[in-house]
Amino acid sequence: MPSTTAVVGSSVGLHARPAAIIAEAVEEAGVEVTLALVDADDEDDEPVDAGSALMIMTLGATAGTEVIISCDDPDVLHTIAALVAADLDAAP
């Protein structure tokens, strides 16, 4: 599955609001997307389903953490990478 990396842009990391926004975008896209930490210390770390806000939050990704986004659809891959990199907690 093609992948790219992005640095978490939200000041609180991938917690409730950012995770919900990303999961909603994945669900709307209707394709499989996974997220994983870059250079995770734990060898048992597996990519998580980006369509689930709860699974995204289990990554524990804080601001500035590099995340691997994987998806077979290049447009969706780009969209989700942009969301990961955006400050989704910034006031609209």
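Provided above is the structure to which this section pertains.
None of these values were measured; they are calculated from a predicted model. (Residues numbered from 1 in each chain as written. Predicted model: local features only at pLDDT ≥ 70, side-chain atom pairs only at ≥ 80, totals over all residues. Heavy atoms only, no water.)

Asker: Looking at this model, I keep getting lost on the side chain of Thr65. Mind explaining?
Answerer: By the secondary structure assignment, Thr65 is in the loop between helix 2 (53–58) and strand 4 (66–71). On the accessibility criterion, Thr65 (18% relative accessible area) is buried. (Helix = DSSP H or I, 4+ residues; strand = E, 2+ residues; numbered from the N terminus. Buried < 20%, exposed > 50% of the residue type's maximum accessible area, 1.4 Å probe, protein only.)

Asker: What am I meant to see in the sheet that holds strand 2 (residues 33–37) here?
Answerer: Sheets are built from strands that pair by backbone hydrogen bonding, the pairs being arranged parallel or antiparallel. Taken together, the four strands give an open sheet; going across it, the order is 1-4-2-3, and neighbouring strands pair in antiparallel fashion. Each edge of the open sheet carries a strand with a single partner, namely strand 1 (3–7) and strand 3 (48–49). Looking at chain direction, strand 2 and strand 3 are connected through two bridges and run antiparallel. Directly across from Leu35, in strand 3, lies its bridge partner Val48. (Pairing = 2+ DSSP bridges.)

Asker: Even after reading the chapter, I still don't get helix 3 (residues 74–85), so can you show me in this structure?
Answerer: Since there are 3.6 residues in each turn of an α-helix, residues three or four apart along the chain are aligned in direction. When the terminal C-alpha atoms of helix 3 are compared, their 16 Å separation across twelve residues agrees well with the 16 Å that a helix rising 1.5 Å per residue should span. Buried residues of helix 3: Val76, Leu77, Ile80, Ala81, Leu83 and Val84, and no others. Mapping the buried residues of helix 3 onto a view down its axis gives an arc of 160°, with all of them on the same face. Residues Pro74, Asp75 and His78 are exposed on helix 3 and point more than 90 degrees away from its buried face. Of the surrounding secondary structure, the elements contacted by the buried residues of helix 3 are strand 1, helix 1 (16–29), strand 2 and strand 4. The N-cap residue of helix 3 is Asp73: its side-chain oxygen and the backbone nitrogen of Asp75 are 2.9 Å apart. (Expected span 1.5 Å × (residues − 1). Arc of directions from axis to C-beta. Contact = heavy atoms within 4.5 Å. Polar contact = N/O pair within 3.5 Å; in protein donor to acceptor, adjacent residues only side chain to side chain.)

Asker: Explain the nonpolar core to me, please; I cannot follow it from the model alone.
Answerer: Most often, soluble globular proteins keep nonpolar side chains buried together rather than apart. If you look at the biggest cluster of nonpolar residues, it comprises 25 residues, and the most contacted ones within it are Ile22, Leu35, Ile69, Ile80 and Val84. Going through the elements one at a time, helix 1, strand 2, strand 4 and helix 3 are the ones with two or more residues in this core. With sequence-adjacent residues up to four places away left out, Ile80 is seen in contact with Ile22, Ala25, Val26, Val33, Leu35 and Ile69. (Core = buried A, V, L, I, M, F, W, Y, C linked by side-chain atoms within 4.5 Å.)

Asker: Before we go on, may I ask you to explain the environment of Ala63 in this structure?
Answerer: Mapped onto the elements, Ala63 comes out in the loop between helix 2 and strand 4. Through-space distance from the C-alpha of Ala63 to that of Ile21 is 16 Å; in sequence the pair is 42 residues apart. Ignoring any residue separated from it by four or fewer positions in sequence, one finds Ala63 in contact with Val8, Ser10, Ser11 and Gly13.

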